[in-house]
Amino acid sequence: MLERVGTVVLAALAWVGEVSLFGLRALGELFLPPYEPREIARHIYEIGWRSAPLIATSGLAIGVVLSMHTRASLERFGAEALIPAGLAIALIRETGPLVTALLVAGRVGAGIGAELGAMKVTEQIDALEAVAVDSFKYLAVTRIVACIIAMPLLTTVTDFCGIVGGWMAEFAVSGMSWRLYFNRAFSLIEFHDFIPATMKTAVFGLIIGTIASYLGFTTTQGTEGVGRASTRSVVLASILIIVTNVVLVRLIFLVFPA
Amino acid sequence: MTDRAHGAHGGVEYDVSTSPRPPALFPSLWRVSPGLWRRRDKAPPATDRTLAPDESNVGRTSSGLPSEMAIRLEQVTKSFAGRTVLDNVTIDVRSGTAFCLLGRSGTGKSVTLKHIVGLLKPDAGRVLVHGAEVSSLTGRDLANVRKRMGFLFQSAALFDSITVGENVAFPLRRHTDWPDHLIREIAARRLAAVGLERDYHKMPSELSGGMRKRAGLARAMALDPDILLVDEPSAGLDPITSAEIDDLLLTLKQEGTTIVVVTHNIPSARHVGDELAMLHEGRIIAQGTAVDLDRSEHPLVRAFMRSEGAG
């Protein structure tokens, strides 16, 4: 029994080590030519711009729901005036970054895992190598970099749409004007609330891009393997994002004490 | 299109003004300016040269490889999950000749090709291409060797997110700084050479298996390689198209390209190959000209050489 547990733990550690090396290699190769700016721009469009409708809609809905919950809580204490600020703090500091990361892990992680997995099993990755193209750089590094760049931008979209959603919910209940809502929302928000929380999503982007690319590159067993790579990309990236978030939040509080 | 286009890559100069003899069985080849295929620095046709590697006039490279030897596999052994696929395989392919690798399915023919292009590394032995030890090269050095090779995969392995024409243009875009119109022109000519001139803008998923194979061949020829590695070119093709592909390979060989073909098609191997070798259970069991293999007393070789209809 103990031996089995040990074997599983060692295998898990070996896997984490391999994925970490994959990600570190990607970061290292980022600074070596060729820089593949076109591919990176194309993936930022695919990952960022094409995720924007999903992110914006979700942000809006989350803002509405958060506003309703905040009102229900603060109304008891007669603190309705704090609803915009409470919502903005919750959204910008935590809800926006985490929800964006999980949504992107679902949409983009699955896409990268499936796309690279399919390329692997149909020998397209070998074909890239055969035409003297560094497949790791061309396929993995570009996607990982695009995820790192796109995540903070998408998080900003979620935050903005969430605040708009919060105002819409508040307007429906109390008729509060946009200007007043906006002023109250940002009355307690400072740059050190927004910048670290938003920039930490670059780490989430690194996690999503690395795990999905790694699983795509190591796909075996045909179409079944492609499906597995896609699913595992989402599951593992989501778990790792949630766990890493704990560490990152602690780090942010250390660097920027409340 | 100008009469003469100068390639920036490797100082190679392309001359489209020459007009070689049109191929007999592949009229679409004639529509391609054949000189575009020809590198000025490429060796003359094999028939004009002395091919025997042991003759005194043959020079040697720093690796000990005779200068006329394009490819050498020296005692290459490769295993996958404990199963030996290549067992001490030694193969020599002379420049400007066509070498056909025969054998039953799963005997290691495709694995041999992948060793030549450096996609696989041998467990033992070494692989030399133009004197460079591919099996120990990495990074830019390996890429430089690969730029001189074209590889048609068994599955064609077209990039399915871009059009057929862009698949062919891809190596040109990556490794030359030629203008877009010239790259498109060359890609279109490569496609015309394999009879796909109308399919430039189609996606790979819109092509049949045979058409994909031909598109893969066009991509393999895109950079006008010194060495062309072709994995089962006639699989999935009708007899007429198959013969046209054979003629295309012959034309390329006459222009100085070294060709290694993996095939089950014996008539095709007889037509194209200067030398044939048969792999069985990871070992070369027969090697020589088609006539040599016809005379072999090995029952498998005899059975294979008599299976004229196989494809």
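Note that the coordinates shown come from a computational prediction; the quantities given were computed from them, not determined experimentally.

S.K.: Tell me about the sheet that holds strand E5 (residues 98–103) of chain B, and name the residues and values.
M.R.: All names here are of chain B. Pairing is mixed across the open sheet formed by six strands, whose spatial order is E8-E9-E10-E5-E11-E12. With partners counted over all chains shown, the strands left at the sheet margins are strand E8 (149–152) and strand E12 (283–288), one partner each. Across this sheet, the average inter-strand angle for adjacent strands is 15°, counted without regard to direction.

S.K.: I'd like to hear about the pattern of salt bridges, residue by residue, with values.
M.R.: All names here are of chain B. Scanning all chains against the criterion turns up 28 salt bridges over all chains. Among the salt bridges present, the one from arginine 126 reaches glutamate 133, with a minimum N-O distance of 3.5 Å. Of the residues examined, glutamate 133 reaches a relative accessible area of 27% and is grouped as partly exposed. Between arginine 184 and aspartate 180 there is a salt bridge whose closest N-O contact spans 2.9 Å. Residue arginine 184 and its partner aspartate 180 are both found in helix H5 (residues 180–193); the two are separated by four residues, about one turn of the helix. Residue classification places arginine 184 among the partly exposed residues on the basis of a relative accessible area of 36%. A relative accessible area of 38% places aspartate 180 in the partly exposed class.

S.K.: Tell me about the nonpolar core, and name the residues and values.
M.R.: Counting 78 residues, the largest nonpolar core has B:Ile71 and B:Leu229 as the members making the most contacts within it. Ranked by residue count, the leading element in this core is helix H6 (residues 135–174) of chain A, at 12 residues. Ignoring sequence-local partners within four residues, the contact set of B:Ile71 consists of B:Ile91, B:Asp92, B:Val93, B:Ile116, B:Leu128, B:Ile227, B:Leu229 and B:Val260. Counting 50 residues, the second-largest nonpolar core is a separate cluster that includes B:Val168, B:Leu182, B:Ala193 and B:Met211.

S.K.: Describe the interface of chain A and chain B, and please don't skip the residues or the numbers.
M.R.: Between chain A and chain B, the contact holds 14 residues from the first and 19 residues from the second. Surface buried jointly by chain A and chain B totals about 1500 Å² across both partners, of which 56% is contributed by carbon and sulfur atoms. Taken together, the connections running from chain A to chain B amount to four salt bridges. Salt-bridge contacts for A:Asp126 lead to B:Lys114; the nearest nitrogen and oxygen are separated by 3.9 Å. Joining chain A to chain B, the criterion identifies six residue pairs in polar contact (both at pLDDT 80 or more). Take the side of chain A that touches chain B: its biggest share by element is six residues, from helix H5 (residues 124–130) of chain A. Broken down by class, the residue content of the side of chain A that touches chain B amounts to eight nonpolar, two polar and four charged.

Conventions we followed
- Residues numbered from 1 in each chain as written.
- Chains lettered and ligands numbered in written order.
- Predicted model: local features only at pLDDT ≥ 70, side-chain atom pairs only at ≥ 80, totals over all residues.
- Heavy atoms only, no water.
- Pairing = 2+ DSSP bridges.
- Helix = DSSP H or I, 4+ residues; strand = E, 2+ residues; numbered from the N terminus.
- Axes fitted to C-alpha atoms, helices over the stretch in contact; angles between N-to-C directions.
- Salt bridge = Lys/Arg side-chain N within 4 Å of Asp/Glu carboxyl O.
- Buried < 20%, exposed > 50% of the residue type's maximum accessible area, 1.4 Å probe, protein only.
- Core = buried A, V, L, I, M, F, W, Y, C linked by side-chain atoms within 4.5 Å.
- Contact = heavy atoms within 4.5 Å.
- Buried area = accessible area lost by both parts, 1.4 Å probe.
- Polar contact = N/O pair within 3.5 Å; in protein donor to acceptor, adjacent residues only side chain to side chain.
- Nonpolar A, V, L, I, M, F, W, Y, C, P; charged D, E, K, R; others polar.

Any link to function would need more than the numbers given here.
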